Every structure is written in C-alpha cells, then in structure tokens.
Amino acid sequence: MVIQGPRELVRDVQQAGMCIGCGACVDLCPYFKHYKGRTFQVFPCDLESGRCFAHCPKVEVDLDELSRRLRGTGYEGLDLGVVRSMHAARAGASLPAASFQAGGTVSALVAFALGSGLIDAAVLTGREGAWPVPRIVTDEQGVLACASSKFTAAPTLQALNRALHLGYERPGVVGTPCQLTAVAQMKGNPTSREAFVDPVALTVGLFCNWALDPRALIGFLAERVDLDRVTGMDIPPPPADLLAVQLEEETVEIPLDEVRPLIPGTCALCPDLTSEWADVSVGMFEGRPGWNTLLIRSDQGEKLVRDAESAGCLELEPMPEESAAHLSAAGRAKKERAFRTAVRQNAVNREDGCSIFRVPDELLERLT
C-alpha cells in the first residue's frame, strides 16, 4: 500500500463522494474538522504521506494485509469474518435498567470493561436530538446515557483522536464496520511511527447494513416531527419495514422506502455486515425481542465476555443454528453486493489510481 497525503484524501474520498464521516481524520491534526454531518479540510496541507490517508476506511484498504495482521490468516471473504463463537446475549441483572437497544449487550460489555479497568475510557456515540455526537465516557452512567442505536453515520472516531490527545492510554471503541476498519488500520501503525503503542485496548463492533446521511435525515425529519422532542430511533425486524422515531410521548412510524434514499452511496461499497475487525460484535437477534446476537472474535473479546458473564453483567444462551445460518446468509449477500458494485465502479484493485480496497484477485472473482 502506498500511503499518500491529505490532497489525495480530499480528491479520492471527499470529492469523490466516498466519505462516510467516521471521524478518523478529524482532530488527528488541525487540518480536518467535522460539523453537522460534514467532514472538511480547514487548511491546505502539503504532506506527501499522512495518517489521515492511512487510517481512512474508504481508500486503499488492503483486506488481506489487515486480516493477516489482526487474525493471523489471509482474507478469505468469510460471510461474517473470523468468528470463534456465536451467542444470544443480553445485559445481566447487575446492570441498572436503561433505554437499551434490544438486549443492552453493548452497554453491559462497555460498562464492565470500564469498571474492571480493562479500558480507561470508552469512545461512544451519543445524541443531541436527532444528531449523533461523539463522546468520551469514563463511567457506567456515561455508558447508559449513550445507549440506543442512532442509524446515522457519525464522526465517532473524532472522540478517539481527542481521547488520545488527552492522555487516555487504554480507550475502548464502539463502532460500525467502517469505523472499526479505520481503527484496525490505526492499530497497525501504517506510517511506521517510532515508539508506537497500540492506541486501542478494546473494540466492540455493531452490525450495520447501511447508515443514513445525518444532514439528509435531519431535513427529512424536520418536515415530519419536532426535532427537539426526538429521544431515539429504531428499525424493527422484518416484516415491519419502517423507521420508528421515538418522541417524548409518542412514536412516529415512517416507511423505509421513504428513508432509503437518504443512504449515502458509499455504503453500497462496504462488504462488512458485522464489524469483522472487532474483538466482539453485537447486533439484533431477529425474532427474539430483548436479546442480541453476540460474536466473539479474539482473545480479548473472549476474556471480556466470560468475565462479564461471571460478574453477572451479561447473560448468554446458545445461538440457534437457524438464526446463525440466516445471519451468515445476510453477511454473504452484503459482501457479494459490495464487491460487485466495486468492480462496476472500478473501485477495487485498480492499477491506475486509488482503490477503495484491495483483495486477492482469485477471491474477488469468486465473490463476484
């Protein structure tokens, strides 16, 4: 991989409409900022090679290299990535009640990680009305305040860069597939910095089929609800096919057909449904309200889950084979759609310019 600089990042990601606004380049240096759903370059920068480019999840992501470094094996295009075990999970009785999304598994794991000292801060996504806002939290109360899904692209990694500048040494990050792809690249020290130390102690991934453009969503919702009264959003499992916007005293249901045009085009090029580069990944358990699907992927993730269960912070049950097969099929479908789209758009394995990602040719042929 040839690591280029901010000029190429602006040209090949932002101006090309590929930026998802993950925040990986924001507050890394003084040159990139994020405001109300838009990432932009404040001042020109002439660096020929920079971490802004190296960390970005939308340009020159070498999936084989990433997999060898994090998983010890080449990228095989597995439906769900490397999975050690799969479980049904929910928050245990030792965690206070809160407005959890589904089973509250993410909140339980992060609160336990903070309480046990595994991490010294958690990088999460909060909410100000309908706007997603990056947060640094250091206690259980802060975790619970960020509970619930946002369904929008968010500059969460801006808070990670800020946490590292503030001196936190073991932050944990909860993020979507694109955000955790950026974190995985950060952890590899792509610019070969001297005295490098892995900046992230724990990654908790979220399942994500797509996210909504927050700017477009705010304008869309403003015509339908009082934005100041928005307290949450949910997309119920099929066959509901709607976005449920939770207000202070009511829920407004909007057909997903009206919402899908707000999905950024760059989401169509994401091959990852379940945050494959995380230590653990968490998503909805379709057909079982109040529970999550939990995937364990690493030694760190295994220890976290087992310790949290032993402490009463987490409940686990076996994942039914039918549910596991359904999730695997959904992961495979997203991966194949993304690679076919990338081939059509000449966005993979380019020889004459920047690709969004690179993958072994024989695997690309199989997936498309």
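Residues numbered from 1 in each chain as written. Predicted model: local features only at pLDDT ≥ 70, side-chain atom pairs only at ≥ 80, totals over all residues. Heavy atoms only, no water.

## Description of the nonpolar core
The biggest cluster of nonpolar side chains holds 32 residues, and the ones touching the most others in it are Leu109, Val110, Leu124, Val204, Leu294, Val305 and Leu314. Here leucine 294 is in contact with Ser85, Met86, His87, Ala89, Thr105, Leu109, Val280, Ser281, Val282, Val305, Leu314 and Leu316, once residues within four sequence places are set aside. Judged by nonpolar contacts, the second largest core, of 31 residues, contains Ile3, Ala347, Cys354 and Leu363. (Core = buried A, V, L, I, M, F, W, Y, C linked by side-chain atoms within 4.5 Å. Buried < 20%, exposed > 50% of the residue type's maximum accessible area, 1.4 Å probe, protein only. Contact = heavy atoms within 4.5 Å.)

## Side note on the sheet that holds strand β7 (residues 171-175)
Spatial strand order, β6-β5-β7-β8-β12-β13-β4-β14: eight strands in an open sheet with mixed pairing. Across the chains shown, the open sheet's two edge strands, defined by having one partner strand only, are β6 (131-137) and β14 (314-318). Direction aside, neighbouring strands of the sheet carry axes that sit 30° apart on average. Note: strand β5 (residues 121-128) against β7, three bridges, orientation parallel. Pairing of valine 123 across the sheet is with valine 173, part of β7. (Pairing = 2+ DSSP bridges. Helix = DSSP H or I, 4+ residues; strand = E, 2+ residues; numbered from the N terminus. Axes fitted to C-alpha atoms, helices over the stretch in contact; angles between N-to-C directions.)

## Points about the pattern of salt bridges
Applying the stated criterion to the full structure yields 22 salt bridges. Of the charged contacts in the structure, one is a salt bridge between aspartate 64 and arginine 68, with a shortest N-O distance of 3.0 Å. Taken together, the residues span about one helical turn, with aspartate 64 and arginine 68 both in helix α3 (residues 63-71) at a distance of four residues. Aspartate 299 is the partner of arginine 84 in a salt bridge, and the nearest nitrogen-oxygen pair spans 2.5 Å. Of the two residues, arginine 84 sits in the loop between α3 and β4 (85-91) while aspartate 299 sits in helix α10 (residues 299-310), which places them 215 residues apart along the sequence. According to the relative accessible area criterion, arginine 84 is partly exposed, its value standing at 44%. (Salt bridge = Lys/Arg side-chain N within 4 Å of Asp/Glu carboxyl O.)

## Re unusual backbone geometry
Phi at asparagine 189 takes a positive value of approximately 50°, unusual for a residue other than glycine. The buried category is assigned to asparagine 189, whose relative accessible area is 15%. Non-glycine residue aspartate 241 carries a positive phi angle of around 55°. Inspection of the secondary structure puts aspartate 241 in the loop between β9 (230-234) and β10 (242-247).

## A look at helix α4 (residues 105-116)
Between its terminal C-alpha atoms α4 stretches 16 Å, which fits the 16 Å expected from twelve residues at 1.5 Å a residue. Most of α4 is tucked away, with ten of its twelve residues classed as buried. Of the residues making up α4, those classed as buried are Thr105, Val106, Ser107, Ala108, Leu109, Val110, Ala111, Phe112, Ala113 and Leu114. Directly beyond the C-terminal end of α4, a positive phi value near 85° is found at glycine 117. (Expected span 1.5 Å × (residues − 1).)

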